[in-house]
Amino acid sequence: MKISLPLCLIAGACMAAEASSSGTPWSLPQQAAVFVRGGAATQSYATQLEAVKSSVLETATQSIEELRRKVVDEGKVVPDFGQLAETICNKALEDFASKAPDAGNEEEYYDASATSEAAATYDRKLSEMETSLDAPLQVLFLKQLSYLRETALQRYRTAMGTTGISEYEAMLQADSQFVASAQEA
């Protein structure tokens, strides 16, 4: 049977063995290096960007949630949906750009590899944010299109049943209504 001990127990046992050989109980050997993770005073550039991205997405998600309530919960077609979605995305991108930290200190600025790595990190976080915004907005847009399609289909059926127009004319009317409504949305 294989027994796995937590790392702290193994480290403690090693320190105890070293201490017993040096004569001082539970003292750290002089050659031991202790690395504490998670409590660093400075965060990495990627971590700082992730925090900014999360903050901006939280704000943008509130606006997207308002649109979702109208489209999904109330079953309404939101006029100028595309314009509202674009406004939400542009505001989020502007907020991210204005709140994003500088890539590093002046010594790192002249280091080409550090600068290109920071630029790549920034671009990656920006792309992740765009994807996070686009996905729910696209779902809402498609939901709206399904409502518009259903309305156009009902108009076609009504035109076929009550008026004496041809099937082709009814289809053209329903299609033109769908296209006009979709362009407005």
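Residues numbered from 1 in each chain as written. Predicted model: local features only at pLDDT ≥ 70, side-chain atom pairs only at ≥ 80, totals over all residues. Heavy atoms only, no water.

1. Quick word on the pattern of salt bridges
- Per the counting criterion, the structure on display carries 11 salt bridges.
- A salt bridge links K125 to E50; the shortest N-O distance between them is 2.5 Å. Within this pair, whereas K125 is found in helix α5 (residues 112-162), its partner E50 is found in helix α2 (residues 45-73), the two being separated by 75 residues in sequence.
- Overall, the relative accessible area of 27% leaves E50 in the partly exposed class.
- Where E128 meets K125, a salt bridge forms, and the shortest distance between an N and an O atom there is 3.7 Å. Of this pair, E128 and K125 both sit in helix α5, separated by three residues, roughly a single helical turn.
- Here the salt bridges share partners, and the residues they tie into one network are E50, K53, R124, K125 and E128. (Salt bridge = Lys/Arg side-chain N within 4 Å of Asp/Glu carboxyl O. Helix = DSSP H or I, 4+ residues; strand = E, 2+ residues; numbered from the N terminus. Buried < 20%, exposed > 50% of the residue type's maximum accessible area, 1.4 Å probe, protein only.)

2. Topic: the packing of α2 against helix α3 (residues 81-99)
- Relative orientation of the contacting elements α2 and α3 amounts to 160 degrees, with a least axis distance of 9 Å. The orientation of α2 relative to α3 falls into the category roughly antiparallel. Considering the relative orientation of α2 and α3, their crossing is right-handed. Seen from α2, the contacting residues are L49, V52, K53, S55, V56, A60, S63, I64 and L67; seen from α3, they are F81, L84, I88, A92, D95, F96 and K99.
- Partitioning the contact of α2 with α3 into residue classes produces 11 nonpolar, two polar and three charged. (Axes fitted to C-alpha atoms, helices over the stretch in contact; angles between N-to-C directions. Parallel < 35°, antiparallel > 145°, perpendicular 65-115°, else oblique. Left-handed = near helix turned anticlockwise from the far one by under 90°. Contact = heavy atoms within 4.5 Å. Nonpolar A, V, L, I, M, F, W, Y, C, P; charged D, E, K, R; others polar.)

3. Description of the packing of aromatic side chains
- This model, assessed by the stated rule, comprises two aromatic pairs.
- Both rings, one in F96 and one in Y122, keep their centres 5.3 Å apart while their planes meet at 40 degrees; by these two values the pair is tilted. Residue F96 is located in helix α3, and its partner Y122 is located in helix α5; the two are separated by 26 residues in the primary sequence. (Phe/Tyr/Trp six-rings, centres within 6.5 Å; stacked < 30°, edge-to-face > 60°.)

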